[in-house]
Structure formats: C-alpha cells, structure tokens
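Structural overview for review
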Amino acid sequence: MADEERKEEPQAKPEAEEKPEEKAEEKKEAEKQPEQQTMRSVFLTGYGGYNKLQVQKHAKPKPASGQVVVRVHACGLNFADIMQRQGQYPSPRKPPFVPGLEFAGTVEELGEDVTDLEVGARVVCISLEGAWSEYACVPARNCVVIPDSLSFEDAAALPVNYLTAYFMLFHCANLGRRKSILIHMAAGGVGIAVTQLCKTVEGITMFGTASAAKHEKIVANGITHAIDYRTTNYAQEVKKVCPEGVDIVLDPLGGTDTKKGYNLLKPLGIIVCYGYAKSIGESKSMFSSAKSWFQGVSYTSMQLFKDTKSVCGFDLKAVPIELIGEALKHLIQLYSEGKIKPVIDQVYALEEVGKAMRKMHERKNVGKIILSPMKEPEPEPTPAPKPEAAAAAPAEPPKETAEAEAKPEEKAEDKAKEEEKKPEEKKEEAKSEEPKEEAKPEEPKEEAKPEEPKEEAKPEEPKEEEKPEEKKEEATS
Ligand SMILES: NC(=O)c1ccc[n+]([C@@H]2O[C@H](COP(=O)([O-])OP(=O)(O)OC[C@H]3O[C@@H](n4cnc5c(N)ncnc54)[C@H](OP(=O)(O)O)[C@@H]3O)[C@@H](O)[C@H]2O)c1
C-alpha cells in the first residue's frame, strides 16, 4: 500500500499527542458512555515486553467520509507486530495506539460517500493499525467483500501472509513452471501461503526450512524437500538435490542468510529480501544494529551483471491499495476453488495477546495466529495454593484493564530495554507518564564493497538463536 494511501488511514484513537490529563478525561467520558458506544481494544502502551500490551475500553470510532466501521470477528497476528512492540519496526505513530494490520468482520456503519459496501456485508480489510479491536475504522477501499464460504478466521489470515506471498511469487519472482524455490520459515504464515501458491503452478520444486518437528506438516502442505536448518547446512542440503542451485530464494531472515541465498541462485535466479527475522532477540539493541551494519550485503551492478542474478526487495506497505484489492479478490477466488486454505495455528482472545505473541516469538506456531474479540480468554490453570499462603493472601482487586501477563522473561526483556536507554531518556520518563519517543527502525545500510559470491562452506550452526550473541543478529533489508 503506497505511503500516501496509508497515511490517510483512520486513527482508531488519535491520542498519541494527548496529554495525560486529557487522556484521563477521555477515559472517564468513555466510562460514562453507554456500553454500545465503547469498545475493547489492545493498546501498545510503549515499546518493550509483552506487558506493554493492554486491553482497554475506549470510545467506538465514527466513520469519516469514505470510511467504514467494521465489527471485527477475527484479526491477524504478524511477525511485524513483535518487531513493532520492541520498537524495531516503523509504527504508524508513537504509542499508545492500537496495533493490528488485518481483520475480517461485518460492516457496522458507513461514512458519507461510501457506495460500494452495505451495512452487514462480510468483509476482509487491511490497515496500518487498529485491527486488534472490537470495531475498526478504515477507508472503504481497504475492504473486500468475502463469500459466506470463507470463515472470518481464514479471511483474517489472508491479507498480510497471502498478499506478501502472492506479490513476491507472481510480481517479483515471476514464478513459472518447473522452477525451483527455497522457502525459509516454511511453517510460518508466509511460508505456508508461499507453498500453497507455488502449488498452483505446475512442477515447482520447493525446499522448505523448518524445525524438524514441523516437517510432517510442511510436507503435507506441499514442500517437496523439508530441511531442518537447526541441525544441517541448508545450502548443502539444497545442493544435494539441485547442484546447480535454485531459481528463486525468498529471504525473510537477512544478514548472512542473504549472502547464502544469493550464492544458492543459479544464473537468471532471483532472491527476494522481505524481512530480517534474525534481528529479533529479546529486545532491540545497539549491538544488533552495529552487527547488522557489518554483516549486511550489497551487490554492485557489475557484480549482478557478471553473475546474471537478481536481488529484489519487497514490503507490502509499499504496494498501492488498488493492487492490494485486486490481489485479495484473486486470492479469495483461489480459496473458493479450493486451491489455497490458511492453516490456523490457534485463535486467542484479545486479552491473550501476550500469550499469542510469545508463542510466535518462541517459534511454536505452525501457520497463522488469530486474535478474536468475540472469544473469551481461556481460564489460566491455577496452581493449588499452599494452605497457609492461601489464608494469608489478600483478595485480588478487580481489574478494569486486562494486562497481557508478564512472565520473568518479559521482565528481562523490559529490563534489557531499560538498560539501553540513555540517562536523559530515563530522566524524561520519570518526569512524565508519556511513553518514550519511538525507537528508530533499523536503517537499511549501504555498503560499498560487494561480497565475492563464493560457495558457502561454513556449516550451519544449529540452534543459533539460543546463543546470546546470535540473538543479537543484525538487520538487513
Ligand atoms: N516484507 C513484507 O511485507 C512482509 C510481510 C509479512 C511477513 N514478512 C516477514 O516474513 C517473515 C515470516 O513472517 P510470518 O508471519 O510467516 O512468521 P511466523 O508465522 O511467525 O513464522 C515464524 C516461524 O519461522 C521460523 N523461524 C525461522 N527462523 C526464525 C527466526 N530467526 N525467528 C523467528 N522465527 C523463525 C519458526 O519456525 P521453525 O520452528 O520452523 O524455525 C517460526 O515458528 C518475517 O521475517 C516477517 O517479518 C514480511
């Protein structure tokens, strides 16, 4: 979606600039309003750990001209949301705001000049923010009508994962018959979408990297060669089957994996760089930025000319909204024909967003994680209290705000983030309740010296994410 389009998008709650006393007033107002005028949303209250995500009640939005308010039935959780929570991904504005890039539901209210949607229509929508809510307000052009055969959960899984897969395969890489492709994170939302879309083209050889425990599922989804990147060198595994290399590499990892992917391409091959998952550690750090700068790759035109290979970048946010709408309609058509079907890992209540995000961060998901404002949180298993402790414990005060549960590792993440702050930032925060200035996303670096594309002989280091220094892997985009 082009930047100018996205900038026009409605703000479910334009409170970033508000002063604390104004916010308190607004909260009081929201409390006074009848129940049907308020809604629950997940707010990102600042950058840091899972405890920065809180469900709060606030006023329902009113649609401006050209906008619609949609009653959200299901919304998607994305890798970008983890990065945004950590301050590693461009936010629409500084916290607090309601995150969420995609949702499905029914049209509740139309703004002026909306002629192509009706109240009650079932729709799937894409947005820059605001999806993790009972109601979301977006331009009508960001919505596409869905058939009754498409569930809200499946519909909410389409925009980010399937559009990304669709544009990378059919626009960037120009996927054709009998091509070979390396798909990283093959058990993730995008990986599953890429695999299913590859199956719509005849004779594609698909190498998919994933943890061994997920191989059965990715093979059932269509991967022809599953590779356990944790215990083997995936480049060597690919070469065993295709000694000359592959036609397409989709690279969501960045850093050294980009170089490795480029080296795996055969002439006329293309690598599409669309993420930097390797930079996701416990928290954003200056060390990871510096490492990123050193490990990033770039290629000169002379190098590309000599190798006859292409390097391409993809970011869904940069795609114009008209193309998004067309592609979504095509994807819905493919769904109706039974050619694609999102794999839903789990559906969580809004209040469980921290738990849902942790599952994604810990790489335990296979497919898409969905949040649903319609769902009640699962009761937490309560450990049996010791008799004397139970008697002494004071009663829990009722909570108006459901805060995503903070476990010790979250606190560690917050602590790490806290330690990174400069003293003056800390001072600033102490003075005010306002969240701190948005951390800048990783800048793509420019490197003068191209890397000579030589064969990767270095073996893959298994479980590299478990080493602290590797956790601080860099970003290259
Ligand atoms: N450019 C764009 O417009 C765009 C749009 C959407 C997504 N993306 C990017 O696409 C990538 C995948 O997103 P997704 O939504 O499919 O993710 P996802 O559903 O959360 O998939 C994550 C899975 O990838 C695997 N994985 C491998 N290396 C990992 C690492 N270093 N960190 C975390 N997980 C790792 C894990 O499975 P195993 O256990 O098998 O390792 C994990 O379960 C991300 O990098 C994201 O930023 C980019």
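Residues numbered from 1 in each chain as written. Predicted model: local features only at pLDDT ≥ 70, side-chain atom pairs only at ≥ 80, totals over all residues.

- You'll find the protein chain entered in an unreviewed UniProt entry as Enoyl reductase (ER) domain-containing protein, with Porites lobata given as the organism.

Looking at the overall build of the protein chain
- Scanning the protein chain from N- to C-terminus turns up 17 helices and 16 strands.
- Expressed as a percentage of its 477 residues, the buried residues of the protein chain come to 45%.
- Looking at the protein chain alone, contacts between residues at least 24 apart form 74% of all its contacts between residues at least 6 apart. (Helix = DSSP H or I, 4+ residues; strand = E, 2+ residues; numbered from the N terminus. Buried ≥ 20, exposed ≤ 12 C-beta atoms within 10 Å, placed from the backbone. Contact = placed C-beta atoms within 7 Å.)

Comments concerning the confidence of the model for the protein chain
- For the protein chain, the mean per-residue pLDDT works out to 80, and 70% of the residues sit at or above 70.
- Scored below 50 in pLDDT, residues 1-18 shows 40 contacts in the model against residues more than four places distant or in partner chains. (pLDDT = per-residue confidence, 0-100.)

Regarding the site of the ligand
- Neighbouring the ligand are 28 residues; Met-185, Gly-188, Ala-210, Ser-211 and Gly-275 lie closest to it.
- Of all the secondary-structure elements, those providing two or more residues to the shell around the ligand are helix H3 (79-85), helix H5 (158-172) and helix H6 (189-198).
- When its residues are assigned to classes, the shell around the ligand shows 14 nonpolar, nine polar and five charged. (Near = placed C-beta within 6 Å. Nonpolar A, V, L, I, M, F, W, Y, C, P; charged D, E, K, R; others polar.)

Here's the deal with the pairing of strand S5 (residues 122-126)
- With four of five residues buried, S5 is to be regarded as a mostly interior element.
- Inspection of the sheet shows S5 paired to strand S7 (residues 143-145) by three bridges, in the antiparallel sense. Bridged to Cys-125 within S7 is Cys-143. (Pairing = 2+ DSSP bridges.)

Here we look at the nonpolar core
- Membership of the largest hydrophobic core comes to 113 residues, with the highest contact counts inside it found for Val-70, Phe-103, Val-124, Ala-156 and Leu-250.
- Apart from the residues within four sequence positions on either side, Leu-250 is in contact with Met-168, Ile-181, Leu-182, Ile-183, His-184, Val-194, Val-272 and Tyr-274. (Core = buried A, V, L, I, M, F, W, Y, C linked by C-beta atoms within 7 Å.)

Some points on the sheet that holds strand S9 (residues 205-209)
- If you walk across this open sheet you meet the six strands as S10-S9-S8-S11-S12-S13, and the pairing is parallel. Here the strands that pair on one side only, and so sit at the sheet edges, are strand S10 (225-227) and strand S13 (310-313). Looking at each pair of strands side by side, their axes are set apart by 15° on average, direction ignored.
- In the packing of helix H8 (residues 234-241) onto the sheet, contacts are made with strand S8 (180-183), S9, S10 and strand S11 (246-251), and the angle to S10 comes to roughly 160°. (Axes fitted to C-alpha atoms, helices over the stretch in contact; angles between N-to-C directions.)

Description of helix H9 (residues 256-264)
- For H9, the tally of buried residues reaches seven of nine residues, placing the bulk of the element in the interior.
- Of the positions making up H9, those classed as buried are Asp-257, Thr-258, Lys-259, Lys-260, Gly-261, Tyr-262 and Leu-264.
- In this structure, the buried side of H9 is in contact with S8, H8, S11, strand S12 (265-273) and S13.

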